[in-house]
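# Inside the fold
Here's the letter readout for the chains.
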Amino acid sequence: MKLNSLFKHHHRARRIVTKGFYSLFTEYETPKLVLIHSSTLTILLRIMQIILLIYSILYLLLYEKGYQKQDTSIVSSFTLKVKGVGFVQTVTNETIIIDVADYIIPPSENDAIFIMSNFIQTSQTRSQCAEAVSLEEARCKVDDDCLNKAVSSKASGRWTGRCLITPSVGVMNTTANLTQQSTGLCEYAGWCPAENDEVQAMYVNDFLNFTIFIKNFIEFPTFRVKHKNMVDNLKTCIFHPKHSPDCPIFSLGYILNQAEKDPKERELMLRYGGVISIKLDWDCNLDRKINLCKPEYTFVRLDVPFREKPFSRGFNFRYASHWKYHGVNHRTLMKAYGLRLIMAVSGKAGKFDPITLSLNTGSLVGIFGLATFFCDIILLHLSKQSRNYRRHVFETVHLKTRTESIVGQRRNTANADVSTNSHLTVAHETIPRFVRRSTSLRPLTLADIERSPESQPV
Amino acid sequence: MKLNSLFKHHHRARRIVTKGFYSLFTEYETPKLVLIHSSTLTILLRIMQIILLIYSILYLLLYEKGYQKQDTSIVSSFTLKVKGVGFVQTVTNETIIIDVADYIIPPSENDAIFIMSNFIQTSQTRSQCAEAVSLEEARCKVDDDCLNKAVSSKASGRWTGRCLITPSVGVMNTTANLTQQSTGLCEYAGWCPAENDEVQAMYVNDFLNFTIFIKNFIEFPTFRVKHKNMVDNLKTCIFHPKHSPDCPIFSLGYILNQAEKDPKERELMLRYGGVISIKLDWDCNLDRKINLCKPEYTFVRLDVPFREKPFSRGFNFRYASHWKYHGVNHRTLMKAYGLRLIMAVSGKAGKFDPITLSLNTGSLVGIFGLATFFCDIILLHLSKQSRNYRRHVFETVHLKTRTESIVGQRRNTANADVSTNSHLTVAHETIPRFVRRSTSLRPLTLADIERSPESQPV
Amino acid sequence: MKLNSLFKHHHRARRIVTKGFYSLFTEYETPKLVLIHSSTLTILLRIMQIILLIYSILYLLLYEKGYQKQDTSIVSSFTLKVKGVGFVQTVTNETIIIDVADYIIPPSENDAIFIMSNFIQTSQTRSQCAEAVSLEEARCKVDDDCLNKAVSSKASGRWTGRCLITPSVGVMNTTANLTQQSTGLCEYAGWCPAENDEVQAMYVNDFLNFTIFIKNFIEFPTFRVKHKNMVDNLKTCIFHPKHSPDCPIFSLGYILNQAEKDPKERELMLRYGGVISIKLDWDCNLDRKINLCKPEYTFVRLDVPFREKPFSRGFNFRYASHWKYHGVNHRTLMKAYGLRLIMAVSGKAGKFDPITLSLNTGSLVGIFGLATFFCDIILLHLSKQSRNYRRHVFETVHLKTRTESIVGQRRNTANADVSTNSHLTVAHETIPRFVRRSTSLRPLTLADIERSPESQPV
């Protein structure tokens with residue numbers, strides 16, 4: 001007996017599983033659709049769909065290249081090479097030649113370069129001497145003037161607290177006529193003499209004819225693509241936007257012109273220095289040949305224009321060469337004004353990518369559903385005949401226990417007057433577990449039970 | 001006849017196309033919905049929907065700014081300017097002034113700066129001499145000790161293979177009391193004398209009062225927005241987190257304090273050098289005024305703390321000034337300890353972007369569907385009454401060829417006993433190509449055929 | 001009366017609102033589904049769904065880590081330390097020791113370093129002298145040859161316009177046998193004598209044994225995670241891909257070997273210089289321990305190989321030490337050839353993120369719907385029995401005003417001949433506002449009206 005029932009049970013379980021598998025591969029589900037003849041609504045829907053379709057395909061997929069995986073992370077390396085010989089005309093009408101080893105300081109920097117256009121040179125030794133004439137705070141009459149003052153950050157060294165009444169009244173005259181009498185300058189200990197800002201500028205002539213060769217090596221690590229800004233058969237050239245747009249050699253004059261349109265400002269930039277950002281903008285479509293991808297050069301001035309009277313003017317820094325002579329430390333202090341060129345790279349690369357395409361398509365399908373969503377709201381809630389539409393679109397199901405069902409039924413019957421026919425009542429009496437309006441109007445048969453796969457006899 | 005049939009054919013084709021177009025703009029499709037009265041399930045669905053809605057709108061769209069296109073690629077340029085005068089108190093009680101041209105090495109770097117806080121200075125010429133006392137490997141008694149040893153990477157030059165028994169026992173005493181007797185040092189050829197690590201430190205006093213002016217110029221290339229870390233009307237100031245949070249001038253003391261809280265470590269950093277990363281973090285909401293976007297400064301120590309006894313301690317490097325005197329090459333070797341400040345920028349910018357908004361909305365619509373998806377699973381498979389629900393939600397269609405239909409019908413009839421009524425059987429006999437439960441209970445009329453637009457007579 | 005009607009109105013409004021709320025939490029909507037028994041279509045759908053499921057879960061979620069927020073923006077800082085002593089064998093068989101202060105120029109750079117492997121040293125003073133022999137353009141016979149020529153960018157200074165007929169015919173012989181007779185060189189004013197490219201190379205021996213210690217500090221600002229490329233208990237080591245893959249100290253020989261496989265090219269790189277990019281590629285899974293995240297080092301040669309006869313060969317630059325001797329400016333000009341190592345970092349980090357997961361899931365749900373979408377198209381439009389399927393899937397609704405309805409009805413009746421039965425006609429006569437095929441075959445009752453919740457009596 002037991003074996004028999006076990007066998008039966010086993011047989012039954014296997015049948016259910018088999019049945020489940022069978023139905024998994026034979027029963028295709030699709031939503032039942034209600035087809036409503038309403039030209040207004042349909043046209044509205046179609047217009048919305050067409051707009052979304054055009055927007056999706058034209059804009060998102062084609063214009064914004066939604067089929068491409070895009071990446072903006074870029075690895076970049078630069079090497080820079082400046083060429084040209086400049087010269088300085090000194091006050092004594094001497095010509096000093098300035099070559100690349102003189103005007104590039106430090107000799108190499110990463111992603112930047114400084115090219116000196118003007119400088120103040122001071123030969124110094126360590127001792128004690130008067131402060132620079134240009135330093136207002138250093139003016140004194142007695143020693144106390146130098147003792148009590150907080151040490152300025154512009155001081156050339158540590159103030160000793162003595163006031164040096166300089167006999168060089170000539171210098172005093174030019175800068176401070178009002179304080180003609182016995183005015184002195186505070187003494188400091190440090191590198192002497194102090195740098196004098198007001199000496200004649202040592203302009204580097206021919207500066208604008210110098211050329212800079214910009215080599216840029218980039219990589220898009222996401223796509224493992226390497227590229228550079230030089231064409232294969234490069235020849236001696238100077239960049240010109242029209243005649244040689246592929247040449248990576250620029251004259252400083254061109255760069256300065258691009259960065260600053262005002263000739264007066266340009267003049268001041270050569271005198272007091274300036275900072276220019278040279279940006280290479282790469283926009284590579286990796287679905288095409290990599291050689292077609294070329295950078296766009298932009299030159300932007302970074303330092304605040306002189307006309308705006310900035311807090312910090314131009315660009316300069318100091319450096320020194322040190323040596324010993326007869327056992328004494330000497331240095332040549334250089335205050336270097338000039339152009340600091342800072343290289344920058346921005347870029348993006350795109351490449352066809354099925355994942356990106358499918359994710360974007362997935363998003364678009366979601367957007368597409370919005371059209372139907374809004375039209376359904378209009379149909380079912382906002383239109384004049386929405387009540388009637390609802391009647392067709394919705395099919396109400398009340399699922400209740402036997403007692404509830406009868407009570408519910410009674411109420412329904414009472415409310416609906418003639419609506420319930422004998423069939424419905426019978427249905428509820430025999431199979432009383434549910435009330436469904438649309439099906440309640442036909443006699444309920446075993447076919448209904450059969451529909452649920454589990455109860456189907458073999 | 002032919003012309004007539006062609007005309008007819010043409011006429012018919014045109015009618016179908018016209019019909020298709022007509023139905024395209026008049027027939028609105030919407031899924032038929034089943035309305036189930038079940039408070040449990042509905043409340044569950046509503047709770048899930050409310051959670052998803054709150055999450056979507058509050059978190060994704062508002063908090064995470066899902067309506068903004070966000071970009072983290074940022075182009076940055078720095079210029080740095082250090083001010084201040086330091087001094088060194090030597091063993092002989094001499095005061096050596098160290099100014100900006102002395103303590104910044106090299107004079108300019110891109111996105112970084114080194115400020116010397118301590119140094120060892122050695123005047124050298126090329127010759128042959130004993131190794132540094134501090135180099136353990138250089139200790140020797142006989143020449144063979146220097147020949148057989150592998151050349152250390154710390155050697156000051158190429159070892160000649162001779163052991164110099166130095167008479168300077170005084171030096172020996174201090175460092176190696178155990179090896180008091182005739183211990184020597186290996187001889188090397190190179191710059192002499194060797195640098196001596198154990199001389200008194202040349203601290204740069206006033207170092208912590210130096211100020212550094214950090215100018216940062218950024219660009220978000222995706223949005224073509226440029227910005228800088230300086231307010232328009234900048235005045236002389238020192239950064240203070242409360243009193244002047246917009247001032248881009250920092251004292252080295254403040255930076256060091258921020259980067260390292262332990263005063264003992266700070267002391268050691270000034271002695272042996274250290275590396276500090278100064279990071280400017282920009283978080284720009286480009287939907288608001290660009291001036292409101294200000295960087296957040298963070299100072300992080302990068303070198304491993306001394307208390308952890310690191311493999312590589314602090315930060316130092318060597319550089320030299322070269323000169324000739326009486327035809328002999330001289331150099332002053334400097335071993336510079338100090339703070340290396342490395343500038344870093346991170347940032348993101350967001351700007352309202354309809355594409356991003358629509359793609360995110362599309363994704364959210366997809367997420368929203370999940371609530372219905374899970375509730376449907378509960379409804380149709382997990383709830384107690386799922387069998388009854390399924391009966392209402394599903395409408396089964398068997399579509400078969402005539403023979404299959406009859407066979408299938410027979411089986412169905414056999415299986416379902418009383419389930420099939422005469423209507424159904426008739427339906428299958430007359431239009432036997434399909435069996436649909438819900439429609440099988442009414443007589444099939446031409447209206448059914450008419451429903452498919454192609455067959456409708458004109 | 002008024003109060004009564006107001007009360008009634010109020011009562012009614014409250015009832016509607018209550019009813020709305022009630023139905024919001026009790027009426028569960030779900031699409032009515034049509035279950036079609038068609039194994040072909042179902043199997044097609046299941047295959048499509050399985051493919052999409054496997055693709056979604058395996059590829060997008062697991063392989064591409066769709067559950068992680070990924071970020072490629074990385075903040076990086078480097079410090080580099082080179083060790084080793086090289087030597088140069090001069091023509092006169094002298095050995096010159098070159099140490100770290102000599103061969104690293106400038107002493108520190110940000111994210112890059114230059115290590116000199118060969119150099120040309122020239123001691124110069126400012127004066128006037130003959131151009132370099134190697135400069136073709138400087139060959140002259142008379143002064144006019146030097147006057148008329150455009151100044152080459154390779155000139156060592158400003159040409160004075162004089163042609164110096166040099167007595168040093170020996171030099172002439174070697175380079176220009178054809179122009180043996182009285183050939184001279186143009187004179188220039190500048191640093192003299194001119195640098196001579198053709199002197200014997202000053203190779204730095206032992207160069208390939210130098211070691212470079214690369215310290216890299218990174219941060220993923222999005223995740224606020226910091227990391228470095230050094231293990232905690234670092235010991236003296238040299239990187240070896242198998243034996244010590246975690247060691248951040250590399251020998252220059254290894255780096256050069258990795259960057260250039262051709263020994264001949266390597267030889268030329270040491271002679272004429274080269275540029276090598278050292279890239280650290282970080283791929284951090286932040287769901288695991290951060291210590292497991294280690295960089296991958298790649299060494300790529302950036303300068304164009306010599307065999308391709310590039311426009312710009314190798315890598316070199318000039319720098320000078322300046323000093324004064326007996327009041328005269330002197331400098332030692334160095335043309336330094338060597339390896340320029342440029343550090344680069346690329347990286348991405350991923351961390352589990354519910355937002356990313358939900359957005360990706362949302363997209364996938366959208367994709368998933370595509371399977372049903374395509375199968376529905378086949379079902380309703382492309383399959384042989386699509387006309388029959390359509391009959392079951394669609395439920396047509398004609399909603400018209402009374403007059404329209406009758407006219408429409410008339411037309412329908414005329415067209416459909418026998419299709420309309422009396423039931424339908426009656427339905428249209430009594431409740432003439434809509435025609436729905438599937439419901440038209442039964443008498444319309446008040447139950448239909450009751451279905452819309454608002455009209456249901458309490």
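Residues numbered from 1 in each chain as written. Chains lettered and ligands numbered in written order. Predicted model: local features only at pLDDT ≥ 70, side-chain atom pairs only at ≥ 80, totals over all residues.

This part is about the overall build of chain A. A tally of regular secondary structure across chain A gives 12 helices and 19 strands. For chain A, with 458 residues in total, the buried portion stands at 38%. Intrachain contacts of chain A at a sequence separation of at least 6 include 69% that bridge at least 24 residues. (Helix = DSSP H or I, 4+ residues; strand = E, 2+ residues; numbered from the N terminus. Buried ≥ 20, exposed ≤ 12 C-beta atoms within 10 Å, placed from the backbone. Contact = placed C-beta atoms within 7 Å.)

If you rotate chain A by 120 degrees and push it 0.1 Å along the axis, it lands on chain C with an RMSD of 0.2 Å. Accordingly, the operation relating the two chain copies is best matched by a three-fold axis. (Least-squares fit on C-alpha atoms with pLDDT ≥ 70 in both.)

Moving on to the pairing of strand S7 (residues 112-130) of chain C. Sheet topology places S7(C) next to strand S17 (residues 328-352) of chain C; 13 bridges connect them, and they run antiparallel. Its bridge partner lying in S17(C), C:Gln124 is registered against C:Arg331. (Pairing = 2+ DSSP bridges.)

In this structure, A:Pro107 sits in the loop between helix H3 (100-103) and strand S7 (112-130). As a C-alpha pair, A:Pro107 and A:Asp144 span 37 residues in sequence and 45 Å in three-dimensional space. When residues no more than four places from it in sequence are discounted, the contact partners of A:Pro107 are C:Ile105, C:Pro106, C:Phe317, C:Arg318 and C:Tyr319.

Listed as interface residues are 72 residues of chain A and, on the opposing side, 83 residues of chain C. Grouping the amino acids of the side of chain A that touches chain C by side-chain chemistry returns 30 nonpolar, 27 polar and 15 charged. Alignment of strand S1 (residues 27-31) of chain A against strand S2 (residues 33-37) of chain C, held across 5 bridges, turns out to be antiparallel. What sits directly across from A:Tyr28, in S2(C), is C:Ile36. (Nonpolar A, V, L, I, M, F, W, Y, C, P; charged D, E, K, R; others polar.)

Residue and element names in this part refer to chain A. Examined against the element boundaries, serine 251 turns out to sit in strand S13 (residues 249-251). Serine 251 sits in the partly exposed class, given 17 other C-beta atoms within 10 Å. Spatially, the C-alpha atom of serine 251 lies 40 Å from that of glycine 157, the residues being 94 residues apart in sequence. The contacts of serine 251, once residues within four sequence positions are left out, are Leu208, Asn209, Thr211 and Ile238.

Here we take up the UniProt feature "transmembrane region" (unreviewed entry) in chain A. In the numbering adopted here, UniProt assigns the feature "transmembrane region" (unreviewed entry) to residues 43-63 and 364-382 of chain A. What you have in residues 43-63 of chain A is 100% helix and 0% strand, and the ends, taken at the C-alpha atoms, are 27 Å apart. (UniProt positions renumbered as here; feature names shortened; annotations may be inferred.)

Moving on, we come to the pairing of S7(A). In this sheet, strand S10 (residues 184-192) of chain A lies alongside S7(A) in antiparallel orientation, the contact comprising 6 bridges. The residue bridging A:Thr125 from the neighbouring strand is A:Cys192, located in S10(A).

Glancing now at helix H6 (residues 252-259) of chain C. Looking only at H6(C), the buried set comprises C:Leu252, C:Ile255, C:Leu256 and C:Ala259. Projected onto a plane normal to the axis of H6(C), the buried residues spread over an arc of 95 degrees and lie on a single side. (Arc of directions from axis to C-beta.)

Turning our eyes to something else, we now look at the nonpolar core. Residues A:Ile115, B:Ile115 and C:Ile115 are the most contacted members of the largest nonpolar core, which totals 210 residues. Among the nonpolar cores identified, the runner-up in size contains 39 residues, and A:Tyr28, A:Leu41, B:Leu35 and B:Leu379 belong to it. (Core = buried A, V, L, I, M, F, W, Y, C linked by C-beta atoms within 7 Å.)

Here the focus is the environment of B:Lys384. Within the secondary structure, B:Lys384 sits in the loop between helix H8 (354-382) and helix H9 (386-393). Distance from B:Lys384 to B:Ile276, taken between C-alpha atoms, is 67 Å for residues 108 residues apart in sequence.

This part takes up the confidence of the model for chain A. Low-pLDDT stretches of the model should not have their predicted coordinates read in fine detail. Residues and elements named next belong to chain A. Per-residue confidence for chain A gives a mean pLDDT of 78, with 79% of residues at or over 70. Here strand S19 (residues 434-436) stands out as the least confident element of chain A, with mean pLDDT 29; helix H6 (residues 252-259) is the most confident, with 95. Counted against residues more than four places away or in other chains, residues 169-180, with its pLDDT under 50, gives 6 contacts. Note on residues 401-458: pLDDT is under 50 here. Beyond four places in sequence and across chains, it has 85 contacts. Across the interfaces of the predicted complex, the ipTM metric reaches 0.75, alongside a pTM of 0.78. (pLDDT = per-residue confidence, 0-100.)

Attention shifts here to unusual backbone geometry. Residues and elements named next belong to chain A. Omega for the bond connecting isoleucine 105 with proline 106 falls within 30 degrees of zero, at -15 degrees, which places this linkage in the cis form. Locating proline 106 in the fold gives a position in the loop between H3 and S7. The backbone of asparagine 93 shows a phi angle near 60 degrees, a positive value even though the residue is not glycine. Phi at histidine 326 takes a positive value of approximately 55 degrees, unusual for a residue other than glycine. Secondary-structure assignment places histidine 326 in the loop between strand S16 (316-325) and strand S17 (328-352). A count of 6 C-beta atoms within 10 Å places histidine 326 in the exposed class.

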